[in-house]
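Per-entry structural report
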Amino acid sequence: MSDSTADFRERILRRHLLVGWWGLLLFLSLGIILETLHGFKLGLYLDPANKMRRLLWTLSHAHGTLLALMQIALAVSIPHLAKMSEKRLKLTSFCLIDALVLLPLGFFLGGINPGEGDPGVGVLLVPVGAAFLLVGVLLAAISATSPK
Amino acid sequence: MSPELWFALLLIVPAGLLLWQLPRIVGKARGTLLALTLTGVIGGGWWVWCRAHAPDSGTPADWSAVDPVPSETCAKCHDDHYQSWRRTYHRTMTRDATPEYVKGDFEDAKYDHLGFRTSMFRRDGEFQMDTMDPNWALMRAKEPQRPMPPPGVRRYQVKRLVGSHWMQECLYQDGVGAYHRLPVLYHIAEKRWIHNHGAFLAPESPDFWAKCRGVVWNETCLFCHNTRPVKNPQRDARGRTISYESSVNELGISCEACHGPGGDHVRLNQDPARRYSIRLTERGDPSIVHPARLPPARRDEICARCHGATVPRPEAWDRVRVNDPFIAGQELSRFNTLFHSEAERDYLLANKPEGPKPIKPASNDGRFWGDGTPLTTALEYNGMAMSACYENGRGKLSCLSCHQGHPHDPNFMLKPGMQSNEACYQCHQEYRAKLTEHTHHPADSSGSLCYNCHMPHQVFSLLATHRSHRIQRLSVADSRGTGKPHACNLCHLDKSLGWTQKELVAWSGGRTQAMTLTEEEAKWSSAVLHLMTSDARTRAIVAGAFAQQSALQASGAEWTGEFLATVLEHERYPAVRYLAHRGMRAAYGDEAVRGYDYLAGPPTRKQQLEQLRRDVFAAPIPAGRSYPYLPLTPQHRLDGAVIQQMLQKRHDPDVTINE
């Protein structure tokens, strides 16, 4: 492995550790905020009429946390994915970071102004994020399958 | 916000991410191009997806052909509305007799009425009632002098229930699919079983089953107490009904009663694109009826179907299946005709009516006062439509001005705040600043609540009085010769109609002309005069006023006991006795006057009244307060001679209010 490739892989690894841990901090903080809304029994979150918002914000918190962990998982996996080309690694990294942004944001925005039985329009970001996640995970899975 | 703006704002997020990252992967030029292409694909995809179904599409060409859906289906998307509807008494208007819905005591309960015992009990999970054999009851009623064997007892399985708020009627099913009322029902408000002679305003009958005979659920209750009813009578060769195969989409009043059939709405909205498309354009979904989006007249006709006095238009109904063709949102008059008196109803129902249509209610009309104001419930639309405020459905007033179909509180289904003057301030904002100037009562008194004067309790049903929905100005003329007690005198029970007229003329600054009243109207308390001389409809309303705390405060409670005891002594209608006794309870407390049963036999009631007179009403009326319009002796006792004179003038035709 050339030095430039090693540097590149190190840069991606560090990026995902950075994004993963900060993402974890962000989405765990969101979890604490949601617990606080519970604690103070705030109607905007707990009223039966706001059931959809509660669900979507919980999903935002859960997806954000899991996807942040996934960034760390990718960072940890990079040394073991030696066969993964630079381009593929870039693309995987790009897809997973986008998924981390789009999925929780889509759920969160969808919960701001939900309708009766449907999330708000912000939820349209979710399928886009899901597509990025699917591609990112697929690329990582293919690379993990390739023989060393 | 417009849909386009929504999309543009949302698109910024993926566009930003793509433009940031793709040039780093595939080079600046190619990356930017790819990012823009992908952004276009995402944005275009959203746009096409949401435009795939124009929200204007989906209005059924023929609503009657749309499949119905059960209300549980609506809960999938409209859970909050479903839950608020579940709390209403609309839903439980008709139910099958299951433990969840039975209100009455069936734990081997006994109810004795005029020497006959009815038993309510459960056997093998069924609710059963042992009561008097209807044939025995009929024979006894026809020939009371004839020697009879002991009363026959017949066992009935309670299959269906009607009502869940004030009273609950028990129905049994016969062998030909008809449901019939049983003579003993549960009075929920009092938590007791009562004989149905005491549940409606009607004279007592010697026939134990009198109020059940001829009352077939499939013929009457079916149409207003259920959703999309079909009577479906089976007829013999001569056209006589021999059995029923009645059906409903749902027992009780469910979603589709107000929103129309939902089959298309459910099917079309399986598609999320359509839902978002409708949401973004905020135009509403044409595949379902939304009452709030209808013009007021159409909206109110949804309520009027059951809360208005209507008869079917024979040409518009299927005469074989007899199904109600009206669907929410349609013009009610296409299918039903509104009537304004029982005589007019009979005229409309007659096959070949003769002579001019009688609009004016007779003096014993069981639905309307002499001036056409409804006197019982289920006619609220008629009352509202008569109001100047309604402007014939072209103004702002509608049922939904004060009520809502999905209320927080199922009692009266009022919108929040509508039990205050805020209801009227919605249109009459100017009175907020000059309330006392208008009402001539202190701002915090019940006399300053708009609806106490303009929508007084002039309606009887379910052993209670209710607000009239005819919003009316105060006028003495409306209460003369119509049977309808004057609003002022339903609070000022100790004052005469003459006093009321004097006050109203003074308030108007002379703009109102005084009418010539009879000597008695000017001299005696209007409540006393009505309870002694008027028919049972008026007596019921006035007796009910004695239970209103605001009336007792305005009129003093100290004289009401002895007076109401006199009312009870001479009252032949059990419902009026119940209301008069309620008045006693309001003034003296439940415990003090507990020893009176309005449904007991005459000798027992006489004893009970004597006891009350001895124990509770023995003291004369205290001299502190002046009652110039009450017939009192110098000893501050009720003047029996005046009362007797009034009683001799009583106009007391048989009247029946079947609500």
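Residues numbered from 1 in each chain as written. Chains lettered and ligands numbered in written order. Predicted model: local features only at pLDDT ≥ 70, side-chain atom pairs only at ≥ 80, totals over all residues.

**Quick word on the overall build of chain B**
- Looking only at helices and strands, chain B features 25 helices and 18 strands.
- With the principal axes as the frame, chain B shows a C-alpha extent of 110 × 70 × 55 Å.
- In chain B, buried positions account for 40% of the 659 residues.
- Considering only residue pairs separated by 6 or more positions, chain B has 62% of its internal contacts joining residues 24 or more positions apart. (Helix = DSSP H or I, 4+ residues; strand = E, 2+ residues; numbered from the N terminus. Buried ≥ 20, exposed ≤ 12 C-beta atoms within 10 Å, placed from the backbone. Contact = placed C-beta atoms within 7 Å.)

**A few points about the overall build of chain A**
- Along its length, chain A carries five helices and zero strands.
- Counted from the first residue to the last, chain A has its helices and strands arranged as α-α-α-α-α.
- For chain A, the spread of C-alpha atoms along the three principal axes comes to 60 × 25 × 20 Å.

**Here we look at the nonpolar core**
- Leu201(B), Ala540(B), Ala543(B), Ala575(B) and Ala580(B) are the most contacted members of the largest nonpolar core, which has 85 residues in total.
- For this core, the element with the highest residue contribution is helix α23 (residues 574–588) of chain B, accounting for seven residues.
- Core analysis: the next-biggest nonpolar cluster, separate from the first, contains 47 residues, Ala68(A), Phe107(A), Leu10(B) and Trp46(B) among them. (Core = buried A, V, L, I, M, F, W, Y, C linked by C-beta atoms within 7 Å.)

**Some thoughts on the environment of Arg140(B)**
- Examined against the element boundaries, Arg140(B) turns out to sit in helix α5 (residues 134–142).
- Expressed as a C-alpha distance, the spacing of Arg140(B) and Ser398(B), which sit 258 residues apart in the sequence, is 51 Å.

**With respect to the pairing of strand β9 (residues 184–187) of chain B**
Residue and element names in this part refer to chain B.
- Summarising the sheet, strand β7 (residues 167–173) and β9 pair through two bridges and their orientation is antiparallel. Within β9, the residue paired with Gln-168 across the bridge is Tyr-186.
- With four bridges joining them, β9 and strand β10 (residues 192–195) adopt antiparallel strand pairing. Among the inter-strand pairings, Tyr-186 is bridged to a residue of β10, identified as Trp-193.
- Joining the antiparallel neighbours β9 and β10 is a turn of four residues, in which Lys-191 adopts a positive phi near 55°. (Pairing = 2+ DSSP bridges.)

**Quick look at the interface of chain A and chain B**
- Of the residues lining the interface, 19 residues belong to chain A; the matching set on chain B comes to 18 residues.
- Listed by contribution, the elements that provide at least two residues to the side of chain A that touches chain B are α4 (86–112) and α5 (125–145) of chain A.
- The element that contributes the greatest number of residues to the side of chain A that touches chain B is α4(A), accounting for eight residues.
- Partitioned by chemical class, the residues of the side of chain A that touches chain B number eleven nonpolar, three polar and five charged. (Nonpolar A, V, L, I, M, F, W, Y, C, P; charged D, E, K, R; others polar.)

**A short note on the domain arrangement of chain B**
- Taken domain by domain, chain B comprises domain 1 (3–51), domain 2 (93–143 + 150–244), domain 3 (291–473) and domain 4 (478–659).
- Between the C-alpha centres of domain 1 of chain B and domain 4 of chain B the distance comes to 80 Å. (Domains from an automatic or database assignment.)

**Focus on unusual backbone geometry**
- Phi at Lys41(A) is positive, roughly 50°, even though this residue is not glycine.
- With respect to the helices, strands and loops of the structure, Lys41(A) is situated in the loop between α1 (3–39) and α2 (43–46).

**Digging into the packing of helix α19 (residues 526–533) of chain B against helix α25 (residues 640–648) of chain B**
All names here are of chain B.
- Contact pair α19 / α25: the axes reach a minimum separation of 7 Å and the direction vectors enclose 55°. If you check the angle between α19 and α25, you find them oblique. Contacts between α19 and α25 involve Leu-529, Met-532 and Thr-533 on the former and, on the latter, Ile-643, Met-646 and Leu-647. (Axes fitted to C-alpha atoms, helices over the stretch in contact; angles between N-to-C directions. Parallel < 35°, antiparallel > 145°, perpendicular 65-115°, else oblique.)

**Notes on the environment of Met129(B)**
Residue and element names in this part refer to chain B.
- The residue Met-129 is located in strand β4 (residues 126–132) in this model.
- A sequence separation of 94 residues divides Met-129 from Phe-223, and the C-alpha atoms of the two residues are 26 Å apart.
- Ignoring any residue separated from it by four or fewer positions in sequence, one finds Met-129 in contact with Thr-118, Met-120, Tyr-156, Val-158, Cys-170, Leu-182 and Val-184.

**Here we look at the sheet that holds strand β3 (residues 116–123) of chain B**
Residue and element names in this part refer to chain B.
- Pairing within the open sheet is antiparallel, and its four strands lie in the order β2-β3-β4-β5. Single-partner strands in this sheet number two, and they are β2 (109–113) and β5 (153–158). With direction set aside, neighbouring strand axes in the sheet form an average angle of 20°.

**Section: the confidence of the model for chain B**
- Here chain B averages 93 in pLDDT, and 98% of its residues register 70 or above.
- Scoring of the predicted complex yields 0.88 for pTM and 0.81 for ipTM. (pLDDT = per-residue confidence, 0-100.)

**Digging into the environment of Ala423(B)**
Residues and elements named next belong to chain B.
- Position of Ala-423 relative to the elements: it lies in helix α14 (residues 422–425).
- Classification of Ala-423 as partly exposed rests on a count of 19 C-beta atoms within 10 Å.
- Here the alpha-carbon distance between Ala-423 and Ser-84, two residues 339 residues apart in the chain, equals 21 Å.
- Leaving out residues up to four positions away in the same chain, Ala-423 has contacts with Cys-402, Met-418 and Tyr-451.

**What to know about the pairing of β3(B)**
All names here are of chain B.
- Sheet topology places β2 next to β3; five bridges connect them, and they run antiparallel. Pairing of Lys-110 across the sheet is with Ser-119, part of β3.
- Connecting the antiparallel pair β2 and β3 is a turn made up of two residues, with Leu-114 showing a positive phi of about 50°.
- One ladder, built from five bridges, connects β3 with β4; its direction is antiparallel. Bridge assignment links Arg-123 to a residue of β4, and that residue is Glu-126.

**Details of the confidence of the model for chain A**
- Looking at chain A, the pLDDT average stands at 92 and 98% of residues meet or exceed 70.
- Mean pLDDT across the elements of chain A bottoms out in α2(A) (91) and peaks in helix α3 (residues 51–77) of chain A (96).

**Quick word on the packing of α1(A) against α4(A)**
Residue and element names in this part refer to chain A.
- Close contact between α1 and α4 brings their axes to 11 Å; oriented N to C, the two are set at 10°. Relative to α4, α1 is oriented roughly parallel. Residues Thr-5, Phe-8, Arg-9, Ile-12, Arg-15, His-16, Val-19, Gly-23 and Phe-27 of α1 lie in contact with α4, whose contacting residues are Glu-86, Leu-89, Ser-93, Ile-97, Leu-100 and Pro-104.

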